[in-house]
Amino acid sequence: MRSTQIRSTFLDFFTSRGHRHVPSSPLIPSDPTLLLANAGMNQFKSYFLGEVTPEYPRATTIQKCARTSDIDNVGRTNRHATFFEMMGNFSFGDYFKADAIAYAWELLTQGYNLEKDRLWITVHQDDDEAEQLWRKIGVPAERIQRLGADNFWDMGVPGPCGPSSELNYDRGPAFGREGGPAVDGERYVEIWNLVFMQSMRGEDDDGTFPILGDLAQQSIDTGLGLDRLAAILQDVENVCSTDLLLPTLTTVQELAGRDYPGSGSSGEEKVSFQVVSEHARSIAYLIADGVLPAKDGRGYVLRRLMRRAIRHARMLGIDQPVLAPATASVIANLGDVWPELADQASLIEQVVTAEEESFTRTLTQGTRLLNAAITRSRGSRSTTLTGETVFELHDTYGFPVELTIEAARDAGLTVDEDRFTTLLAEQQKRAKAGGKAKTAEALRRQDAYRELSSRHGRTDFTGYDRLDTVATVLGLISDGAVVPGADQGSTLELVLDRSPFYAESGGQVGDTGTIRTSSGALLDVLDTRLGLEGFHVHTVRVLEGEIRSGEQAEALVDGPRRDAVARSHSATHVLHAMLHRTLGDHARQHGSLVDAGRLRFDFAHFSAVDPTQLAAIQALVNDHLLDDPEVRIWHATRSEAEAAGATALFGEKYGDHVRIVDIGDFSRELCGGTHVPHGANAGPVRILGEASIGSNLRRIEALTGRDALAYHDTERRLLEELSVLLGTRPQDAPEALRKRLDALTTAQQELARLRETELRTRAQHLAATARTVPGGRIVTEKVTDLGSDELRTLAINTADLLGSDHAVVVLGTERDGKALLAAAITRSLHDTGTQASQLLVPAARTVGGGAGGKGPVASAGGRYVGALDQALALAAQDATRVLDQ
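Along each chain, the written sequence defines residue order, and numbers are assigned to residues from 1. This being a predicted model, a pLDDT of at least 70 is required before a residue's local features are given, and a value of 80 or more before pairs of side-chain atoms are given or counted; all residues contribute to the totals for chains, interfaces and linings. Remark: hydrogens and water are excluded; side-chain values derive from all non-hydrogen atoms of the structure.

Before going further, it helps to examine the nonpolar core. For the purposes of this section, nonpolar cores are sets of buried Ala, Val, Leu, Ile, Met, Phe, Trp, Tyr and Cys residues that join through side-chain atoms within 4.5 Å. Only protein chains enter the accessibility calculation, which uses a 1.4 Å probe. A residue is then buried if its area is under 20% of the maximum for its type, exposed if over 50%, and partly exposed in between. Tyr112, Trp134, Ile191, Trp192 and Leu341 are the most contacted members of the largest nonpolar core, which totals 108 residues. Contact between two residues is taken to exist if any of their heavy atoms lie within 4.5 Å; hydrogens are not considered. Once you skip the residues sitting within four places of it in the chain, tryptophan 134 turns out to touch Ile101, Trp105, Ile121, Val123, Val139, Ile144, Ser165, Leu167 and Leu194.

The next thing to look at is the sheet that holds strand E27 (residues 667–670). Pairing is antiparallel in the open sheet, where 3 strands are placed in the order E25-E26-E27. Strands with a single pairing partner mark the edges of an open sheet, and in this sheet they are strand E25 (631–637) and E27. When the angles between neighbouring strand axes are averaged without regard to direction, this sheet yields 25°. Where strand E26 (residues 657–663) and E27 come together, 4 bridges link them in antiparallel fashion. Looking across to E27, one finds that isoleucine 660 is bridged to leucine 670. When DSSP finds two or more bridges between a pair of strands, those strands are recorded as paired. A run of DSSP states H or I qualifies as a helix once it reaches four residues; a run of E qualifies as a strand once it reaches two. Both are numbered from the N-terminal end. Structural elements are reduced to axes, namely lines fitted to C-alpha atoms, with helices fitted over the stretch in contact, and the angle between N-to-C directions of any two is expressed from 0 to 180 degrees.

By the bridge criterion, 4 bridges tie strand E18 (residues 513–517) to strand E19 (residues 522–532) in an arrangement that is antiparallel. Paired with arginine 516 across the two strands is leucine 522, which belongs to E19. Here E18 hands over to E19 after 4 residues, with glycine 520 in that stretch at a positive phi of 100°. Looking at chain direction, E19 and strand E20 (residues 535–544) are connected through 9 bridges and run antiparallel. Each bridged residue has a counterpart across the sheet, and for leucine 522 the counterpart in E20 is glutamate 544. Linking E19 to E20, which pair antiparallel, is a turn of 2 residues; within it glycine 534 sits at a positive phi near 75°.

Here we take up the pairing of strand E35 (residues 857–862). Bridge count between strand E33 (residues 818–825) and E35: 6 bridges; the pairing is antiparallel. Its bridge partner being in E35, leucine 821 is matched across the sheet by alanine 860. Bridging between strand E34 (residues 850–852) and E35 involves 3 bridges; their strand directions are antiparallel. By the bridge assignment for E35, alanine 851 is matched with alanine 860. In this antiparallel pair of consecutive strands, E34 and E35, the connection spans 4 residues, and glycine 853 shows a positive phi of 125°.

What follows deals with helix H5 (residues 226–233). In terms of burial, H5 is largely enclosed, as 6 of its 8 residues are buried. Leu226, Asp227, Leu229, Ala230, Ala231 and Ile232 are the residues of H5 that are buried. Close packing links the buried residues of H5 with helix H1 (3–15), strand E3 (83–92), strand E7 (159–170), strand E8 (188–201), strand E9 (211–225) and helix H7 (268–288).

So, about the sheet that holds strand E24 (residues 598–604). Across the sheet, 4 strands lie side by side as E23-E24-E29-E28; this open sheet has antiparallel pairing. Edge positions in the sheet fall to strand E23 (589–595) and strand E28 (685–694), since each has one partner strand and no second. The average angle at which neighbouring strand axes cross in this sheet is 15°, direction not considered. Note: E28 against strand E29 (residues 697–704), 8 bridges, orientation antiparallel. Looking across to E29, one finds that alanine 691 is bridged to arginine 699.

The next point concerns the packing of aromatic side chains. Stacked, tilted and edge-to-face are the three classes assigned to paired rings of Phe, Tyr and Trp, where Trp is represented by its six-membered ring and a pair needs centres within 6.5 Å; plane angles under 30 degrees give stacked, over 60 edge-to-face, the rest tilted. Evaluation of the coordinates by the stated rule reveals 25 aromatic pairs. Between phenylalanine 13 and tyrosine 103, the aromatic rings sit 6.2 Å apart at their centres with planes inclined by 85°, giving edge-to-face as the arrangement. Taken together, the residues phenylalanine 13 in helix H1 and tyrosine 103 in helix H3 (residues 97–111) connect sequence positions 90 residues apart. Looking at phenylalanine 13, the relative accessible area reads 9%, which means it is buried. Judged by relative accessible area, which is 13%, tyrosine 103 ranks as buried.

Our focus in this paragraph is H1. What a helix should span is 1.5 Å times the count of its residues minus one. The terminal C-alpha atoms of H1, which comprises 13 residues, lie 18 Å apart, in line with the 18 Å expected from a rise of 1.5 Å per residue. Listing the buried residues of H1 in full gives Ser3, Ile6, Arg7, Thr9, Phe10, Leu11, Phe13 and Phe14.

A word on the pattern of salt bridges. Here, a salt bridge means any Lys or Arg side-chain nitrogen found within 4 Å of an Asp or Glu carboxyl oxygen. Counted by the stated rule, this structure contains 49 salt bridges. Residue glutamate 85 pairs with arginine 7 through a salt bridge whose shortest N-O separation is 2.7 Å. Highlighted residues: glutamate 85 in strand E3 and arginine 7 in helix H1, separated in sequence by 78 residues. As far as the burial class goes, glutamate 85 and arginine 7 line up, both buried. A salt bridge links arginine 548 to glutamate 546, with the shortest nitrogen-to-oxygen separation between them at 3.2 Å. According to the relative accessible area criterion, glutamate 546 is partly exposed, its value standing at 43%. Because the salt bridges share partners, they merge into one network encompassing Arg755, Glu758, Arg762, Asp785 and Glu790.

The next point concerns the confidence of the model for the protein chain. Per residue, pLDDT measures the predictor's confidence, with a range of 0 to 100. Per-chain confidence: the protein chain averages 90 in pLDDT, with 96% of residues scoring 70 or above. Low confidence marks residues 434–438, where pLDDT is under 50. Its contacts with residues over four positions away, or in another chain, come to 1 contact.

So, on to a nonpolar patch on the surface. A surface patch of nonpolar side chains, amounting to about 300 Å² of accessible area, comprises Leu722, Leu737, Leu741 and Leu744. The element that contributes the greatest number of residues to the nonpolar patch is helix H19 (residues 733–768), accounting for 3 residues. Within the secondary structure layout, leucine 741 lies in helix H19. Judged by relative accessible area, which is 45%, leucine 741 ranks as partly exposed. For patches, a residue must show more than 30% relative accessible area and have no salt bridge; joins then use 9 Å for like charges and 5 Å for nonpolar side chains, namely Val, Leu, Ile, Met, Phe, Trp and Tyr. Only the protein chains shown count as cover for residues, and the accessible areas themselves come from Shrake-Rupley with a 1.4 Å probe.

Structure (structure tokens):
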């Protein structure tokens, strides 16, 4: 059974049993506690927590998942991968254990025709109910095993959790020992995990996640791994040999010029083939979903996968680029199922090509540094490469630890891995400590939001239609706790049952304004944001009176500011469309700030946008706005919107029903923000510039509306002032200024030439005043009208004129309230080992400073200008002593 049929069989089974088919969410989750989507339930977390009422009681998905916790096992086991498709069915307070177990058994044994006597079951050690249900369905007791922590599921962070029951398939003696999944996970491979969501984990100060209690409703979360099921149904050893990855494995074999070792074999060569093939798939999906290589966060996950794949390709003898052809094979094979792969093919190719070129340079540089470190260790008769050296190569230069260990071993050295591990742990501890306080504070606030949300539900947002609303104060939050009231001067958070204030989301800033209560309190609304999905939290300062929970209040949005923000938001959509048109489809949004009168737009691109392109983009934006296109807002299901070509922004979370914003016939985006009714209301747009904000990421900043006009007026006034100063018309100012600058450059060059001539002449006069002393000649002189560089040059020129004799020149001057000294000695004196700086040390102390410089020239300076003559006399004495030695 091919993977396409495996997917359709799963979805057909559950949709026919009342489950809503929900599309996969992007790998970039909207949940701030998650780096990447790692389970099918991620997008339903708010349902399990009871924060949001589900739109449907049952759901089924095929979710893209990325996990790097098992990265070191890829290629070394038959079941681990860093990317996989998780097929799942979910119940939100609808059915529970009995139906979940019955569905899984029916689909595996009848839908996929797996042999019943090869299916083994594990349950949690305390879950008597689950075991009885499995026995009732026909599984004999000897094929049901009770396990501990392995059969309790959570996300590794605070959130829903519960006991689980796993279905495992016996692949036979060729894959390992008898004894069931408790004995051998390679032979008895887990294919489906049924999680009985019934509990909630929190987080203590010591970093543990205790169970806080039961969830509001019992729910089901299951995950059936497509990779593992495909390997079983296609009767192959692992995912690399299934139709999901076989074309990519074939590509890697062609690049390596040798065959994959095949089933039953082992060794590092086989591991490398699997790592390159499997990681290529992960890399393609991550980039397609908006992840780009970076030094931290999810970007570092991608970079690590790319570098690991490159390293294993080199171990296979592939010296040519490998990531571009490998990811291209992934796109060709899976692009029909996951269209985002094909849509972002150009982006994927450019990112992997640039990263591979960069890492190849890193490997070259790292190898050179490593070889030098090995040479030093051998030279000191050490048999160990220090942990500090390994850590520096890893942390500063990105050189893989595995390569360092391997190279050291080849050189007959060991590596102090314990010290390296300690240094790495210390670095991670410092990073973790930095965010712990913020995390604790955020969790306290989240608890307060949940408390109010569970009592009152979602906020009724009225701000699309009006800017004022009569509402009830549902709750007040101060320092993460719900409080009954607050006095004048307090700053706190406030929740209303109805609110006209837009909450910050989608890049658009939150509304500001005022709230006046029935008791007469006046509040300044400083910001509005989403505490939970659909739950508006207002940051307020009490200007007058006292605010109490339960009061009636009149909420009023700052209208002019809202209008300015709407102009920027509509302009942002048009800018996005014009970037696509000018730079290509890969120039997708990767973040934005939509504020009153200004916008910031981050997008994927691989080089600077030159001024000509930037001007063309600005012209296109303004031309389209001047055409005054209608801004139309409509609603549809997400699938209908996507079918209509609406752009969904990666990292944003959308419900089953979405809001779409059309601007003319050139822009269609899913968007919950506020907009102008017609394009002409948004302009003009003035782009201030663009710059790099990271690897493969660019940022454009622009002004809109009145702010753009004010900026234009300021520039015009500056141009007019400049024209007056230049005595020309504004349109002729650039050329006039260019001529003035050219003339200034010529004059400066002539002045420098004259100054050079003057210094040579002064050097001749100084050389003629040289005094003969035992052992050589000395020039000490106080001069005027020189800076530090010219003083130094004059000393050098004078010493050069004294020829081959042993001679010392020490000059001093006053400049900007400081005493300056310079010394120069002839080459013949320097060849005896004398340094010019040693002649200036006592003199420098006299003027309150220090001497610096190496070889035949030195400088000094200090704040005691009145001691300059004394310092020169002291320098003359020291010079006489040195020459007489």
